[in-house]
Amino acid sequence: QLVESGGGLVQAGDSLRLSCAASGRSVSSDTLGWFRQAPGKDRDFVAAINWSGSHTNYAESVKGRFTISRDNAENAVYMQMNSLKPEDTAVYYCAASVLGSTPSSRNAYRYWGQGTQVTVSS
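Procedures and definitions
- Counting from 1, residues in each chain are numbered in the order their sequence is written.
- Residues qualify for local features only when their pLDDT is at least 70, as the model is predicted, and side-chain atom pairs are given and counted only at 80 or more; totals for whole chains, interfaces and linings, by contrast, use all residues.
- The side-chain numbers reported here are obtained from all heavy atoms of the structure, hydrogens and water having been left aside.
- Nonpolar cores were defined as sets of buried Ala, Val, Leu, Ile, Met, Phe, Trp, Tyr and Cys residues, with membership established by side-chain atoms within 4.5 Å.
- Burial classes follow relative accessibility: with a 1.4 Å probe on protein chains only, a residue under 20% of its type's maximum area counts as buried, one over 50% as exposed, and anything between as partly exposed.
- Numbering goes from the N terminus for both helices and strands, where a helix is a DSSP run of H or I of at least four residues and a strand is a run of E of at least two.
- In what follows, a contact means two residues having at least one pair of non-hydrogen atoms within 4.5 Å.
- The rule is short: rings of Phe, Tyr and Trp, with Trp giving its six-membered ring, pair when the centres are within 6.5 Å, and they are stacked under 30 degrees, edge-to-face over 60, tilted in between.
- The rule for a charge over a ring is simple: NZ of Lys or CZ of Arg within 6 Å of the ring centre, and within 35 degrees of the ring normal.
- For two strands to pair, DSSP has to find at least two bridges joining them.

Time to look at the nonpolar core. A general feature of soluble globular proteins is that nonpolar side chains tend to end up buried together. Within the largest apolar cluster, 33 residues are counted, with the highest numbers of intra-cluster contacts made by Trp34, Val46, Phe66, Val77, Met79, Met81 and Tyr92. Elements represented by at least two residues in this core include exactly strand E3 (16-22), strand E4 (31-37), strand E5 (43-49), strand E7 (66-71), strand E8 (76-81), strand E9 (90-97) and strand E11 (116-121). Excluding anything up to four places from it in sequence, Tyr92 contacts Glu4, Leu18, Trp34, Phe35, Arg36, Val46, Phe66, Met79, Met81, Gly115, Thr116 and Val118.

In structure tokens form, the structure reads like this:
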């Protein structure tokens, strides 16, 4: 089970830190990722990190603003989001993939959380 937290309502330019805690199984060997889904749109890739944290992958729209990290001892993944924009408004989901590398395809991820809402006002 993956449980996200840390979402909320912020103003443009503010920061948020999302957390995702895993339970029931260890994700220390998994690639972990973040996706987001805005109303009426597809669920899009945001960022991913490999099992050791040595490799990351970001969507172009968030590069330089978002940072993904993980703590295998805590069985958790995080995403620091800075300089938030109204277009970042979405439900954010964490996901776990048993495949290697840092895939951006939803199909590569087997386990999903329920999501946390992030709303950025202008």
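What follows covers the packing of aromatic side chains. Taken as a whole, this structure holds four aromatic pairs when the rule is applied. Within the aromatic cluster, the residues linked to one another by ring pairs are Phe35, Phe45, Tyr109 and Trp112. Stacked on the ring of Tyr78, the Lys or Arg Arg17 has its end atom at 4.2 Å from the ring centre. Positioned over the ring face of Trp112 is Arg43, at 5.1 Å from the centre of the ring.

Another aspect to go through is unusual backbone geometry. With a phi angle near 50 degrees, Ser83 is a residue other than glycine that sits in the positive phi range. Checked against the element boundaries, Ser83 lands in the loop between E8 and E9. Classification of Ser83 by relative accessible area gives partly exposed; the value is 42%.

Each regular strand shows side chains that alternate between the opposite faces of the sheet. In terms of burial, E5 is a largely internal element, five of the seven residues being buried. Here six bridges tie E4 to E5, and the two strands are oriented antiparallel to one another. The residue of E5 that forms the bridge with Arg36 is Asp44. Pairing geometry for E5 and strand E6 (residues 56-58), over three bridges, is antiparallel. Within the sheet, the bridge partner assigned to Ile49 lies in E6 and is Thr56.

Let's shift gears to the environment of Gly113. Looking at where Gly113 falls in the secondary structure, it is placed in the loop between strand E10 (111-112) and E11. Distance from Gly113 to Val3, taken between C-alpha atoms, is 5.4 Å for residues 110 residues apart in sequence. The residues touching Gly113, leaving out its near neighbours within four places in the chain, are Leu2, Glu4, Tyr93 and Cys94.

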